[in-house]
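So the chains spell out like this:
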Amino acid sequence: MWFKNLKAYQLTQTLSLDDDDLNRALMDNGFRPCGKQDTATMGFASPFAQVGNEGVMFHKVQERYWLTVKKQEKILPSSVVNAELAEKVAAIEAETGSPVGKKQQQDLKQEIMFRLLPQAFVRNTYTHGFISIPEKLVVVDASADGKAEAWLALVRKAITSLPVVPLARRSLQSELTHWLTQGAPEGITLLEEAELKSTDELESIIRCKNQPLDSDEITMHLDNGKLVQKVGFAYDDVLTATIAEDGSFKRVKFTDRLKEETDDIPKDQATARLDAEFALMSAELCAFLSFMRTTLNLTEDE
């Protein structure tokens, strides 16, 4: 259980969770498979569902609550729908001698999808996140805002309240640019990857990879007023990632040193391994995000 992307939020109020009440609330909003005419369903599943353990609706380690949302979608290839639609339109036009209008084509398409939906393939996806009560943090493993917001919305529905704001409520362009021009804070090592954007109406973008960020070329772009949108970095001996100006983190990779700490757990003890990985990962992420919150001066009342 190693998150690959981070959407981080700050709790604006103290949150108290009762384990029994939480379990009931998650069960009341639990996942159910798609029915014949459902295009998608979403609900809570066990964090250990993917290793066959469906017995728990959440997992807790030191007041850090791991919650998992499962989504099931019906997959209807557009090529199949459009091919059948084309055949129907051609048959109608041949029979009537008149073209089929857009409204009628749309109705025909809906009829085809309704008929094919029960035969569609299904795709299951999982979104993991956790709530850390002591650090007042909420972290979702998502690269897109929509996916993270869906997780937050379902949690909010289940427990009636989840008062959060994004970890960063302002652009971090100035701070990230300062990392390149004046040096990164202690504990952060910049990697050879960045994205710079001009502030003029052209909004030109420069992306670089495997490029030293203290090179003359990068310095020239910074001197010309470009600001940092994204930059790759390493945090101590814990992880590497890219941070964007909106405060999100992508392509998170935890170090081998960290992952090796759970290597002594046999692979056939999947639940125990996930428990150990979550305990280790969530503790390190809370320490990292607390560090970033302080370093970047991110407060919930900005």
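The paragraphs below set out a description of the structure included in this document. (Residues numbered from 1 in each chain as written. Predicted model: local features only at pLDDT ≥ 70, side-chain atom pairs only at ≥ 80, totals over all residues. Heavy atoms only, no water.)

**Considering the packing of aromatic side chains**
Argument step 1. All told, the structure shown has twelve aromatic pairs when counted by the stated rule.
Argument step 2. Seen from their ring centres, W179 and F233 are 6.5 Å apart, and the 75 degrees between their planes marks the pair as edge-to-face. You can see W179 sitting in helix α5 (residues 173–182) and its partner F233 sitting in strand β10 (residues 227–235), a full 54 residues away along the chain. Accessibility classification places W179 together with F233 in one group, the buried group.
Argument step 3. A ring pair is formed by F233 and F288, whose centres lie 6.0 Å apart and whose planes are at 20 degrees; its orientation type is stacked. Highlighted residues: F233 in strand β10 and F288 in helix α8 (residues 270–295), separated in sequence by 55 residues. (Phe/Tyr/Trp six-rings, centres within 6.5 Å; stacked < 30°, edge-to-face > 60°. Helix = DSSP H or I, 4+ residues; strand = E, 2+ residues; numbered from the N terminus. Buried < 20%, exposed > 50% of the residue type's maximum accessible area, 1.4 Å probe, protein only.)

**Here's the deal with the environment of P33**
Argument step 1. Structurally, P33 is set in the loop between α1 (19–28) and β2 (40–45).
Argument step 2. The exposed category is assigned to P33, whose relative accessible area is 52%.
Argument step 3. Beyond its immediate chain neighbours, meaning those up to four positions away, P33 contacts D38, T41 and Q72. (Contact = heavy atoms within 4.5 Å.)

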